[in-house]
Every structure is written in structure tokens, then in C-alpha cells.
Amino acid sequence: MTGFVAVHTGAGNFLDETLYENVCREACNQAVNVLYAGGSALDACERAIVMLENSTATNAGIGSNLNWDRKVECDACIMDGASLQFGACTNVTDVKNPISLARHLCERQSKLLSFGRIPPMVLVGQGASAYAREVGLQLVPAEHMISTNAAKKYDHYRSQIMQYEEINRAKLSPLDTVGAVCVDAEGSIVAGCSSGGLMLKLSGRVGQAATYGAGCWALMDENTSMSAATCTTGNGEYLMKTLFAKELVDDLIRCNCPITSQHLTYKKKLLESPFLSKQKAIHAGSLSIIYNTASGDGDLLWAHTTNSMCIGFMSTKQKKPKFVLSKLPQNLTCGTKPVINGHHFKLI
């Protein structure tokens, strides 16, 4: 299978470039191996995010941020652009790889349950864990989801919450949602994301990584030969209010210039959105693909308003993945304007 995959480890403030470079490269390698073996774009996207979840360096799966009650509550979602099916889980405490549960729910959407019942698109908490156990996914004791690093950060910030509140938001904010996008030569396209959510979030909080239209979006338009997908990261509530993932893809699928499209979507539908008119700083990022099945040409696009964002990408034609540490220019204020860049690729 010929294809292209890209991953990110969240928009935020990266302090150890080498650590996240290794994580991104391994996730890309694993996903491309899935494509080499004949797997689908859905298989490859899931595999990439599983690798990100399994790294204690990321805010997803094992190593997720801890909530106010010192517990892990994970969110994840995935969308298949060919079938337009979506699956998500939220407030998951003991499923080792939440993205695999989301993928199972995504695929299950096309088959009615007994007595004609509609299958669930999103599962939460104990119900999500019970379903994961039923379909054979790996569960672990909830305490095993807490990494040493996440526990140390929690203890530090929780004990000094008043003193460091503003600093945490502006300078020391931990990394956010991880994600992946994947497309094959036929235009089948998938996007997914996974997150432990905001550090010290309220118990039961649902983030954009489990929200339809906000965490990821994928669309394969057979009428125009165009496919597009995106996964987002950042202030979840702001991304949910603006349905930002859907907006990014809807604008990309009909654009003439992908870079210009991304810039206008960030400007008009996020930073200047009437839903966020009272917000002075909006921290967000995205990883997107636009692909033309007729010509085999595609563009990977990454954008963020945060200080930095780590990206890895690889096609089945490359010998090794590429890594980018994207940084906000010094003349831009964090949270007010995006930096947007891209990479052209060809699959045919």
C-alpha cells in the first residue's frame, strides 16, 4: 500500500527536542510499516497514535496529565474520511490505548446492534472500559496509567496553584493532544487524536479530543478527487466552540492555495470567531493533509499559535521519517497569530 503519514506531539513549549524527535520518528516508522504490510490508512493512523500513547513523554495514554483529583482521564477520537464514520471515548481511566477503543467504535458505526439499536459513537467512563474489555482491548489498573513525570508535575503545580496560575498558562503549559493523519494513494484518508487533557482539569471534563468536529475531521470527496483531514491540539474548549477541525477541512477541500486557506481559517474562524470574542490569547495547533487522487499530489500543513510544535512525517517512498520543530517567530505574540508551514508530497 502506498501512503503518507504525519504525527504531532502537541502544541506547547518543547524543552527536549531530541526526546520528541525520537517519539515522532518511531510513530511514523511503525505506521508506514503497517502500510507496507498492506494495512489501511485507518490501521496506520491508529498504529501511529498507539505509539504516541505508549510514550510517557506525551500527554496521551500512559503519561497523561492528571486531573484535579490526581487521576488520569483520557480522551481519543478517530474519523474515516471514506466512510465518514467517527468514534470517540472520554473519561477513560484504565484502557491502555484509548485510540484503539475509538477506532473500534468508529468501525462499528456501520453495523446495527441487536433489535436494530444504533451503535454508540462516543462512550464514557466505566461504560467505555466495560466495552473495551468486551471487545478484547488491553486494560490496566488505573494507577498504572500515571507516569512518574505526570505525578511530579501534578504535585508541583497543585501545591502552588495560586502562585503559578498565570505562568502555567503562558510559559510552562504542558504539551497537549497528540494526533496523526494518514492518506493512501487512492485517497482514503483518516485523522485521529488522543489526549490526557488539561493539567488539573476538573474530573469529568470532556476535551476536544473526544468531540465531533473539534478533535479531528476527515473527508474523501469522490466528486472532486480531493481528500482532506486534520487533527487539532490546544485549548479544547475554544476548539469545541468553533468546530475547528471541521472548519479546517471544509475550507481546505475547496481551496486554491492550502497555506492561504489555513491562514484564513485560523484568522476568521478561530482567532476572530464571535464565539471567542472575549479571549485575548487562543492557544491552538493543527496537522492537516490535502490530497488529489487524480494527480497523486498532496500537501501536509502544520500550524500553531503556541511557542512550538513537533511534527514527524513519512511516505512509503521515503527511507526514513522527517522531523520538524516548528517555532513561533519572535515577533509574534503567543496565542494571537499562527505560524503556518507545509510539505509537498507525491504518491503516484
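Positions within a chain are numbered from 1, following the residues in the order the chain's sequence is written. Side-chain atom pairs in this predicted model are given and counted only at pLDDT of 80 or more, local residue features only at pLDDT of at least 70, and totals for whole chains, interfaces and linings cover all residues. Based on all heavy atoms of the structure, the side-chain values leave hydrogens and waters out of the count.

Under an unreviewed UniProt entry, the name given to the protein is Threonine aspartase 1, and the source organism is Anopheles epiroticus. UniProt positions are given in the numbering used here, feature names are shortened, and annotations may be inferred rather than shown by experiment. In UniProt, the protein has this text filed under Sequence similarities (unreviewed entry): "Belongs to the Ntn-hydrolase family."

Caption draft 1: Up close: the environment of Ile78. Numbering of helices and strands starts at the N terminus; helices are DSSP runs of H or I of at least 4 residues and strands are runs of E of at least 2. Looking at the secondary structure, you find Ile78 in strand S2 (residues 74-80). Sequence spacing of Ile78 and Cys231 is 153 residues, and the spatial spacing of their C-alpha atoms is 9.1 Å.

Caption draft 2: Representation of the environment of Tyr20. Relative to the elements of secondary structure, Tyr20 occurs in helix H1 (residues 17-36). The buried category is assigned to Tyr20, whose relative accessible area is 9%. Sequence spacing of Tyr20 and Ser129 is 109 residues, and the spatial spacing of their C-alpha atoms is 29 Å. Polar contacts, as counted here, are pairs of nitrogen or oxygen atoms within 3.5 Å of one another; within protein the pair requires one atom able to donate a hydrogen and one able to accept it, and residues that are adjacent in sequence qualify only if both atoms are side-chain atoms. Within the structure, the side chain of Tyr20 is placed 2.8 Å from the backbone oxygen of Ala57, a separation counted as a polar contact. Throughout this description, buried means an accessible area under 20% of the type-specific maximum (1.4 Å probe, protein chains only), exposed means over 50%, and partly exposed covers the range between.

Caption draft 3: Just unusual backbone geometry, in detail. Located in the positive-phi region is Leu84, a residue other than glycine, with phi close to 65°. Mapped onto the elements of the fold, Leu84 is located in the loop between S2 and strand S3 (85-92). With relative accessibility at 45%, the residue Leu84 sits in the partly exposed group. Phi is positive for Asn91, close to 55°, though the residue is something other than glycine. Considering the arrangement of structural elements, one finds Asn91 in strand S3.

Caption draft 4: Highlighting the sheet that holds S3. At least two DSSP bridges between two strands are needed for those strands to be called paired. Read from one edge of the open sheet, eight strands run S4-S3-S2-S6-S5-S1-S11-S12, paired in mixed fashion. Each of the sheet's edge strands pairs with one partner strand only, and the pair in question is strand S4 (122-124) and strand S12 (322-327). Taken over all neighbouring pairs, the strand axes of this sheet differ in orientation by 10° on average, direction set aside. Where S2 lies against S3, six bridges are found, and the strand directions are antiparallel. Angles run from 0 to 180 degrees between N-to-C directions of axes, and those axes are lines fitted to C-alpha atoms, restricted for helices to the stretch in contact.

Caption draft 5: Broad picture of the side chain of Thr242. Positionally, Thr242 belongs in the loop between helix H7 (236-241) and helix H8 (244-253). Judged by its relative accessible area of 7%, Thr242 falls in the buried class.

Caption draft 6: A look at the packing of aromatic side chains. In this scheme Phe, Tyr and Trp rings, the latter by its six-membered ring, pair at centre separations within 6.5 Å, and the angle between planes marks the pair as stacked below 30 degrees, edge-to-face above 60, and tilted otherwise. The full count for this structure, using the stated rule, is seven aromatic pairs. Here the aromatic rings of Phe86 and Tyr212 are separated by 5.1 Å at their centres, their planes lie at 80°, and the arrangement is edge-to-face. In this pair, Phe86 is assigned in strand S3 and Tyr212 in the loop between strand S6 (189-195) and strand S7 (216-221), connecting sequence segments 126 residues apart. Judged by its relative accessible area of 1%, Phe86 falls in the buried class. Look at Tyr212 and you get partly exposed, because its relative accessible area is 39%. The interplanar angle of 65° and the centroid separation of 4.9 Å between the aromatic rings of Tyr212 and Trp217 together place this pair among those described as edge-to-face. Taking the relative accessible area as the measure of exposure, Trp217 reaches 8% and is therefore buried. Site record: aromatic cluster; members linked through ring pairs are Phe4, Tyr291, Trp302, Phe313 and Phe345.

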